[in-house]
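The chain contents come next:
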Amino acid sequence: MGKMYEFTKMHGLGNCYIYMDGITRPLDIPDMAALARRVSDPAFGIGSDGLILILPSDRADVKMRIFNKDGSEAKNCGNGLRCVARYCFEHQLVDKPAFEIETLSGNRHATVHTEHSVVTGVTIDMDQPILQRRLIPVAGGDGDRKVIRDKLTVFGTDYQFTAVSMGNPHALFFVDDVADAPIDQLGPLLADTYPLFPEGANIGFVHPISESAIDYRVWERGSGITQACGTGACAAVVASILEQRLPKDHPITVHLAGGDLTVQWDATTNHVLMTGSAEVICTGTYYDSQV
Ligand SMILES: N[C@H](CCC[C@H](N)C(=O)O)C(=O)O
């Protein structure tokens, strides 16, 4: 039988997703997780880090649902939010450059930046970081305590990490060189099924390199190594400030494999602001023969 889906492939610093617009016309997707797995496959599908649906919302201007490459649904996605904002602005699904996007972790405020009507970037207010252990979540310990630093031992080696949620869980490990980070060892072990992280965690490696910049690499829950992670970049800045390795309330350049983001943890509002690019790669029609 099969179904046809119009899609737009977009990326935020190389963190690419297949976007489907359920506002312009309703989407008939019997199994979103299965579709995410299929479209993400580079050989049998389109190839991406996952699937993002742009949907009507009754509590914001638009809604974003994001599914990782393995089909798991996430509660937030920073690079995805910037691309959703650009898409909605350019397709006139909203009538203003600043608007609200509903996510499973609450609404996020987006501001689309333009020069001579061309989108040059997007700022997302990523709201407040969540630091309480039981809310991230991280198992064990005092649930109300902030997980400024915790440790785990794997393969006979002790590792220290800081846990931060930006609506989705992140464990941040500080290293002297992200290129040498044990990402291939710790990523697969910790990201999806490790008991310390009951909902999994995005495993990030952080190297503060100055008062205003950090290097950051990530093994994402549900997707593996990606070129960039927006929520992870925010979590990495928050963790670096908590560890007194960066000043609060300053714009920080986060260097990721796919490019740079600017992140600022505002001391007044306690909100984290993330600014960066959002690019269209292609549009097309996906023929799903499995439904
Ligand atoms: N893998 C993440 C979702 C995507 C986040 C990332 N791509 C971003 O830009 O924030 C999770 O399961 O929480």
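Residues numbered from 1 in each chain as written. Predicted model: local features only at pLDDT ≥ 70, side-chain atom pairs only at ≥ 80, totals over all residues. Heavy atoms only, no water.

Caption draft 1: Spatial organisation of unusual backbone geometry. Cis geometry marks the peptide bond from I136 to P137; its omega dihedral reads -5 degrees. By the secondary structure assignment, P137 is in the loop between β8 (118-125) and β9 (150-154). A positive phi angle, close to 50 degrees, is found at H116, a residue other than glycine. Examined against the element boundaries, H116 turns out to sit in the loop between β7 (106-115) and β8. (Helix = DSSP H or I, 4+ residues; strand = E, 2+ residues; numbered from the N terminus.)

Caption draft 2: Local environment of the domain arrangement of the protein. Here the domain parsing of the protein yields domain 1 (3-127 + 277-288) and domain 2 (150-268). Counting from both sides, the interface comprises 21 residues of domain 1 and, opposite them, 21 residues of domain 2. In this structure, the connection of domain 1 to domain 2 is made through 0 salt bridges. On the surface where domain 1 and domain 2 come into contact, there are 7 residue pairs in polar contact (both at pLDDT 80 or more). When residues of the side of domain 1 that touches domain 2 are traced back to their parent elements, those giving at least two are β2 (15-21) and α2 (78-90). No other element matches α2, which puts 3 residues into the side of domain 1 that touches domain 2. Counted by class, the side of domain 1 that touches domain 2 contains 5 nonpolar, 9 polar and 7 charged residues. (Domains from an automatic or database assignment. Contact = heavy atoms within 4.5 Å. Salt bridge = Lys/Arg side-chain N within 4 Å of Asp/Glu carboxyl O. Polar contact = N/O pair within 3.5 Å; in protein donor to acceptor, adjacent residues only side chain to side chain. Nonpolar A, V, L, I, M, F, W, Y, C, P; charged D, E, K, R; others polar.)

Caption draft 3: Representation of α2 within the structure. For α2, which comprises 13 residues, the first-to-last C-alpha distance of 19 Å matches the rise-based estimate of 18 Å (1.5 Å per residue) to within 8%. Counting buried residues in α2 gives 11 out of 13 residues, a clear majority hidden from the surface. Residues G78, N79, G80, L81, R82, C83, V84, A85, R86, Y87 and C88 constitute the buried set of α2. Q92 sits one or two residues past α2 and shows a positive phi near 55 degrees. (Expected span 1.5 Å × (residues − 1). Buried < 20%, exposed > 50% of the residue type's maximum accessible area, 1.4 Å probe, protein only.)

Caption draft 4: Just the UniProt feature "binding site: substrate" (unreviewed entry) in the protein, in detail. UniProt tags N15, N68, G78, N79, N168, N202, E220, R221, G230 and T231 as "binding site: substrate" (unreviewed entry). If near-sequence neighbours (up to four positions away) are discounted, E220 is found in contact with N15, Y17, N68, A191, N202, I225, T226, A228 and C229. Mapped onto the elements, T231 comes out in helix α4 (residues 230-242). Residue class for T231 comes out buried when judged on its relative accessible area of 2%. Apart from residues lying up to four places away in sequence, T231 is in contact with N76, C77, G78, M126, M166, N168 and H170. At a separation of 3.1 Å, a polar atom in the side chain of T231 contacts the side chain of N168. (UniProt positions renumbered as here; feature names shortened; annotations may be inferred.)

Caption draft 5: Looking closely at the side chain of D125. Summarising the element assignment, D125 is placed in strand β8. Side chain to side chain, D125 and H271 meet in a polar contact 2.8 Å long. Excluding residues within four positions of it along the chain, D125 makes contact with R108, H109, H271, V272 and L273.

Caption draft 6: Here's a closer look at the pairing of β9. Taking every second residue as pointing to the same face, the buried face of β9 carries D150, L152 and V154, while none of K151 and T153 on the other face is buried. Pairing geometry for β9 and strand β10 (residues 157-165), over 5 bridges, is antiparallel. Within β10, the position partnered with T153 by the bridge is D158. (Pairing = 2+ DSSP bridges.)

Caption draft 7: The site of the ligand, seen in detail. Taken together, 16 residues are adjacent to the ligand, and N15, Y17, E220, G230 and T231 come closest. Here a nitrogen atom of the ligand and a side-chain polar atom of N15 are 2.8 Å apart. Here a nitrogen atom of the ligand and a side-chain polar atom of E220 are 2.8 Å apart. Computed on the free molecule, the ligand has an accessible area of 370 Å², of which 100% lies beneath the protein chains in the complex. Looking at the shell around the ligand, the elements with two or more residues in it are β2, β4 (62-68), α2 and α4. Split by domain, the residues of the shell around the ligand number at least three in each of domain 1 (3-127 + 277-288) and domain 2 (150-268). (Near = heavy atom within 4 Å. Areas by Shrake-Rupley, 256 points an atom, 1.4 Å probe, with all protein chains shown as cover.)

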